[in-house]
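Read off the chains here:
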Amino acid sequence: MVVHVDAIGNLRGLWPGLTPESPRLLIGSHLDTVPNAGAFDGVLGVVLGVAIVEELHGRRLPFAIEVAGFSEEEGVRFSKPFLGSLALAGRLDAEALARTDKNGISVAEAIRAYGLDPKHLPAAVLSGDTFAYLEIHIEQGPVLESEDASLGVVEALVGQTRMQFVFTGQANHAGTTPMSLRHDAMAAAAEWIVAVESYAGPHDGLVATVGRVEAAPGAGNVIAGQVTASLDVRHADDAVRRAAVIALTQYAEAAAGRRGVQVAEQTQLEQPAVPLDPRLTAILHDAAGRAGFSGRRMTSGAGHDAMVLAPVVPSTMLFLRSPGGLSHHPDETVLPQDVEAAIATVMEFLALLRDDRTNIKDAHA
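Residues numbered from 1 in each chain as written. Predicted model: local features only at pLDDT ≥ 70, side-chain atom pairs only at ≥ 80, totals over all residues. Heavy atoms only, no water.

**Q** How do you make sense of the overall build of the protein when you look at a structure like this?
**A** Scanning the protein from terminus to terminus reveals 10 helices and 16 strands. Computed over its C-alpha atoms, the radius of gyration of the protein comes to 23 Å, within 12% of the 21 Å expected for a compact globule of 365 residues. With the C-alpha coordinates of the protein rotated into their principal frame, the extents come out at 80 × 45 × 35 Å. Expressed as a percentage of the 365 residues in the protein, the buried residues total 52%. Considering only contacts within the protein whose residues lie at least 6 apart along the sequence, 79% involve residues at least 24 apart. On the protein, roughly 16000 Å² of surface is accessible, and the fraction owed to carbon and sulfur atoms is 53%. The averaged location of the 44 negative side-chain charges in the protein is 4 Å from the averaged location of its 27 positive side-chain charges. (Helix = DSSP H or I, 4+ residues; strand = E, 2+ residues; numbered from the N terminus. Rg over C-alpha atoms; globule rule 2.2 N^0.38 Å. Buried < 20%, exposed > 50% of the residue type's maximum accessible area, 1.4 Å probe, protein only. Contact = heavy atoms within 4.5 Å. Areas by Shrake-Rupley, 256 points an atom, 1.4 Å probe, with all protein chains shown as cover. Lys, Arg positive; Asp, Glu negative; His and termini not counted. Charge placed at Lys NZ, Arg CZ, Asp CG, Glu CD.)

**Q** What is the right way to read the packing of aromatic side chains from this model?
**A** Two aromatic rings, taken as a pair, are described by how far apart their centres are and by the angle between their planes. For the structure on display, the rule yields four aromatic pairs. For the pair Phe63 and Phe131, a centre-to-centre distance of 5.4 Å together with 70° between the ring planes defines the contact as edge-to-face. One end of the pair, Phe63, is in the loop between α1 (43–55) and β4 (64–70); the other, Phe131, is in strand β5 (residues 130–138), and 68 residues separate them in sequence. Taken as a pair, Phe63 and Phe131 share a single burial class, namely buried. When the centroid spacing of 5.7 Å and the interplanar angle of 50° are considered together, the rings of Phe167 and Trp192 count as tilted. Here Trp192 lies in helix α6 (residues 185–200) and Phe167 lies in strand β7 (residues 159–168), a separation of 25 residues in the sequence. Joined through ring pairs, the aromatic side chains of Phe165, Phe167 and Trp192 make up one cluster. One cation-aromatic arrangement involves Arg60 over Trp15; the distance from NZ or CZ to the ring centre is 4.8 Å. (Phe/Tyr/Trp six-rings, centres within 6.5 Å; stacked < 30°, edge-to-face > 60°. Lys NZ or Arg CZ within 6 Å of the ring centre and 35° of its normal.)

**Q** Just checking my understanding: could you explain the packing of α6 against helix α7 (residues 238–257) for this structure?
**A** How two helices sit against one another is set out by the angle between their axes and by the gap between those axes. In contact at an axis separation of 9 Å, α6 and α7 are set at 150° when each is read in the N-to-C sense. If you check the angle between α6 and α7, you find them roughly antiparallel. You can see that α6 and α7 cross each other, and the crossing is right-handed. Residues Ala188, Glu191, Trp192, Ala195, Val196 and Tyr199 of α6 form the contact with α7, whose own contacting residues are Ala243, Ala244, Ala247, Leu248, Tyr251, Ala252, Ala255 and Ala256. Residue classes in the contact of α6 with α7 are distributed as 13 nonpolar, no polar and one charged. (Axes fitted to C-alpha atoms, helices over the stretch in contact; angles between N-to-C directions. Parallel < 35°, antiparallel > 145°, perpendicular 65-115°, else oblique. Left-handed = near helix turned anticlockwise from the far one by under 90°. Nonpolar A, V, L, I, M, F, W, Y, C, P; charged D, E, K, R; others polar.)

**Q** Looking at this structure, how should I read helix α8 (residues 278–290)?
**A** Owing to its 3.6 residues per turn, the α-helix aligns residues three or four sequence positions apart on the same side. Helix length check: α8, at 13 residues, gives a terminal C-alpha distance of 18 Å against a target of 18 Å (1.5 Å per residue), a fit within 8%. Between a side-chain oxygen at the N-terminus of α8 and the backbone nitrogen of Arg279 the separation is 3.3 Å; the capping residue is Asp277. Phi turns positive one or two residues past the end of α8, at Gly292, with a value near 100°. (Expected span 1.5 Å × (residues − 1). Polar contact = N/O pair within 3.5 Å; in protein donor to acceptor, adjacent residues only side chain to side chain.)

**Q** How should I be thinking about the pattern of salt bridges in this particular structure?
**A** Pairing between side chains of opposite charge can happen when their charged atoms approach one another. Taken as a whole and judged by the stated rule, the model has 17 salt bridges. As a salt-bridge pair, Arg99 and Glu95 come within 3.1 Å of each other at their nearest N and O atoms. The partner of Asp338 in a salt bridge is Arg321, with the nearest N and O atoms 2.8 Å apart. Separated by 17 residues along the polypeptide, Asp338 in helix α10 (residues 336–364) and Arg321 in the loop between β16 (315–320) and α10 bring together distant segments of the chain. Judged on exposure class, the residue Asp338 and its partner Arg321 are both buried. Counted as one network, the salt bridges with shared partners bring together Asp6, Arg12, Arg24, Glu66 and Asp129. (Salt bridge = Lys/Arg side-chain N within 4 Å of Asp/Glu carboxyl O.)

**Q** So what exactly am I meant to see when it comes to a nonpolar patch on the surface here?
**A** On the surface, Met1, Val3, Val5, Leu11, Leu31 and Tyr114 cluster together into a nonpolar patch covering about 570 Å² of accessible area. In this fold, Val3 is placed in strand β1 (residues 2–5). Judged by its relative accessible area of 54%, Val3 falls in the exposed class. (Patch = residues over 30% accessible without salt bridge, like charges linked within 9 Å, V, L, I, M, F, W, Y side chains within 5 Å.)

As structure tokens, then:
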């Protein structure tokens, strides 16, 4: 393969087609993961992309295959996910490049520190002859295991809202300040966190999570003067998700108001639900059947690079079972027979694409 690193740090390899004018299939996933995670989230899909090319044993197809290892999908360092795939979609804008990490280093500065140049980002945009995108990923959930299924074919990815809430009260001495005279940011945030869980529980398909809380000044004998908390809300129906965000913001304001605390919120990500390409997904499902697997149709509750690429190029996803339903955890793993199933399915997928690639691109356009 011809390999290079683009200006956002994506690792990209190209296996040529039969002719220089051959259209291109993109197979990709991300190389990064979250703190204290496992070895398979994201990177398995990149390794499998390379394995698929190896499985060709030097054979050329009527289309080229580009394998992409996206440099950043999780959004951990800069609180903005999908930086790698946004570059391919041509959507890595000035606001994203100006974002800073906790040390004040911007995305653009990090790119330069790595030895790359943000000025070359236009060259990272997906080639115009790319006719399809396939992402292979672990499920990151318990559904496939509960049904003793190796693989799932993803039809849509849920919409996401990621926010930051800052509760600002008054820091004061924990021993000398009566309870009735406190403006405790921690107490307001705690009440709100419980309300988030209570609201999401009865709503089918809705998940809402407060996964990060930071208190200041952060001393055991000082009332918290400020608490910063994250909020992650997801649902396949954007209307349900938006209604939840409104309600949970109102809950935060109410919890703060009861304690004389101020609260401010900032939306960091507003990602609509993304349906994947119906025709391409049908081909992937057919490929799974030809390889001897059910290819259960399902919705992804997690965000993936396919969310960014689907509006740009016809896209589909293949899930592998996650034993124990674990992901973003050191015990995250996969079963070897499921990896074999994925390779067999994708090889059938490549065979089916030879006849359908023109129709897919025309339908998407």
